[in-house]
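# Coordinates in review
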Amino acid sequence: MPDIAVKTIKCSSCGASLTGISSWKPTVCDYCGSAVIVELPPETASALADRPRCVGFRIDAAQAVERLKAWLKSSFWAPGDLASTARTDEQAEIYVPAWEVKVDVETAWQGARSETRYRRVSKTRTDPQTGRTERYEEDEPYKEWYPASGTRHGSYAEMINASGALTQQETSALMPWDTGAEAGEEDLAAALGRGRRMEEPSVSEAEATTRAREIIEGKERAECGKLIERLDSASTKFGEFVARRAILPVWVFRYQYKGKVQRAVMNGQTGELHGERPVSGLKVALAIAIPIVIIAGIVIVSMLMK
Ligand SMILES: [Zn+2]
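In this report, we go over the structure that sits alongside the text. (Residues numbered from 1 in each chain as written. Predicted model: local features only at pLDDT ≥ 70, side-chain atom pairs only at ≥ 80, totals over all residues. Heavy atoms only, no water.)

## Some details on the nonpolar core
Tyr31, Ile94 and Val250 are the most contacted members of the largest nonpolar core, which totals 22 residues. Those elements giving two or more residues to this core turn out to be strand 1 (6-11), strand 5 (87-126) and strand 9 (242-257). Excluding residues within four positions of it along the chain, Val250 makes contact with Phe57, Ala92, Glu93, Ile94, Val96, Leu174, Trp177, Val265, Met266 and Gly268. Among the nonpolar cores identified, the runner-up in size contains 21 residues, and Val6, Leu192, Met198 and Tyr255 belong to it. (Core = buried A, V, L, I, M, F, W, Y, C linked by side-chain atoms within 4.5 Å. Buried < 20%, exposed > 50% of the residue type's maximum accessible area, 1.4 Å probe, protein only. Helix = DSSP H or I, 4+ residues; strand = E, 2+ residues; numbered from the N terminus. Contact = heavy atoms within 4.5 Å.)

Below, the structure is given as structure tokens:
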């Protein structure tokens, strides 16, 4: 990797730290548009030395903007003028930090499965013709529970969000990421030289491991629940955690609509988009009002016909 001079800025509004090439002259934060940004001392740009895995972008700037515009147009609830009046010129290619946490697990589970059995029971019934009551016997079903237990093995590779600006919800919405061997790794220094940015991680390796553990415990419990009719307990033993810093290619758009800044994020590999679209007040009002008018009309007509 060639050595290049970088600079890191921190946004006082959303808390994100972004690293770019030293000639980069940012005026606002790429994530939130805040102008309150400070340059950090050079030693904070640890990223190049750490050599995180750099998964390449597959969607270029023109494709990204085209997809954003189509997405702005496609919502039924969005105001009609959204796509034509929203400014979409504020965009950045950001390598968003994450931890790829790999671990093998073994879960011991206990539960029970049932079998339907029948028992002879004595009942009474009254003959409707004669009015006489008589006793009779019938087979009645009941469930007998048998204890069951077992172990299952699982292999996990969880992608844990480490961005200070994007939420786990935002990054999860962009999943999945192709981080396999064919994912097209890029040289980070060269990528920054082309005007891309990289966010410094806000989540430590230890925090990421703890989060991954919670997520995997939940998934294991759900998997064990599929193995047995009634799951009573599941206890997961973890192997050695291997956490690797990854940086994920994300297009970040800030677009303005009627003076309000909205953010949308796009998976730079697949084009998957996530964000808030403004909702048209008029369309929502009509959607509520039209059924009310129809119902009121039916009520009035039915009253008049009585
Ligand atoms: Zn910010």
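That was the structure; now back to the text.
## A word on empty space enclosed by the protein
For the structure on display, the rule yields one cavity of 30 Å³ or more. Contributions of two or more residues to the lining of the largest cavity are made by strand 6 (133-161) and helix 4 (168-173). In terms of residue class, the lining of the largest cavity is built from six nonpolar, four polar and no charged. (1 Å grid on protein atoms, 1.4 Å probe; cavity = no way out; pocket = protein on both sides within 12 Å on 5 of 7 lines; lining within 4 Å. Points joined across faces, edges and corners; volume = space filled by probe spheres on them. Nonpolar A, V, L, I, M, F, W, Y, C, P; charged D, E, K, R; others polar.)

## Overview of helix 2 (residues 61-74)
Residues spaced three or four apart along an α-helix face the same direction, because each turn holds 3.6 residues. Over its 14 residues, helix 2 runs 20 Å from end to end, which matches the ideal 20 Å to within 8%, given 1.5 Å per residue. Those residues of helix 2 that sit buried are Ala64, Val65, Leu68, Trp71 and Leu72. Axial view of helix 2: buried residues confined to an arc of 125°, hence all on one face. In helix 2, the exposed residues that point more than 90 degrees away from the buried face are Ala62, Glu66, Lys73 and Ser74. One side-chain oxygen at the N-terminal end of helix 2 lies 3.2 Å from the backbone nitrogen of Ala62; it belongs to Asp60. (Expected span 1.5 Å × (residues − 1). Arc of directions from axis to C-beta. Polar contact = N/O pair within 3.5 Å; in protein donor to acceptor, adjacent residues only side chain to side chain.)

## Observations concerning a nonpolar patch on the surface
The grouping of Leu286, Ile290, Ile294 and Ile298 at the surface amounts to a nonpolar patch, some 390 Å² of accessible area in total. Position of Ile298 relative to the elements: it lies in helix 7 (residues 281-305). (Patch = residues over 30% accessible without salt bridge, like charges linked within 9 Å, V, L, I, M, F, W, Y side chains within 5 Å. Areas by Shrake-Rupley, 256 points an atom, 1.4 Å probe, with all protein chains shown as cover. Salt bridge = Lys/Arg side-chain N within 4 Å of Asp/Glu carboxyl O.)

## A few points about the environment of Cys29
Take Cys29: it is sitting in the loop between strand 2 (17-21) and strand 3 (37-39). Cys29 gets classed as buried once you look at its relative accessible area, which sits at 0%. Each C-alpha atom of the pair Cys29 and Ser17 lies 9.2 Å from the other, and the pair is 12 residues apart in sequence. Discounting residues that sit within four places of it in the chain, Cys29 has contacts with Cys11, Cys14, Ser34, Ile37 and Arg254.

## Brief notes about the coordination of the zinc ion
In this structure, Cys11 (SG), Cys14 (SG), Cys29 (SG) and Cys32 (SG) serve as the protein donors to the zinc ion, at separations of 2.3 Å. In this structure, the zinc ion is surrounded by four donor atoms whose angles at the metal cover 102 to 119°, and the resulting shape is tetrahedral. The motif formed by the donor residues of the zinc ion, counted along the single chain, is C-x2-C-x14-C-x2-C. You can see Cys11 sitting in strand 1 and its partner Cys32 sitting in the loop between strand 2 and strand 3, a full 21 residues away along the chain. (Donors = N, O, S within 2.8 Å, 3.2 Å for Na, K, Ca; no water. Tetrahedral: all angles 85-135°; square planar, octahedral: opposite > 155°, others 65-115°.)

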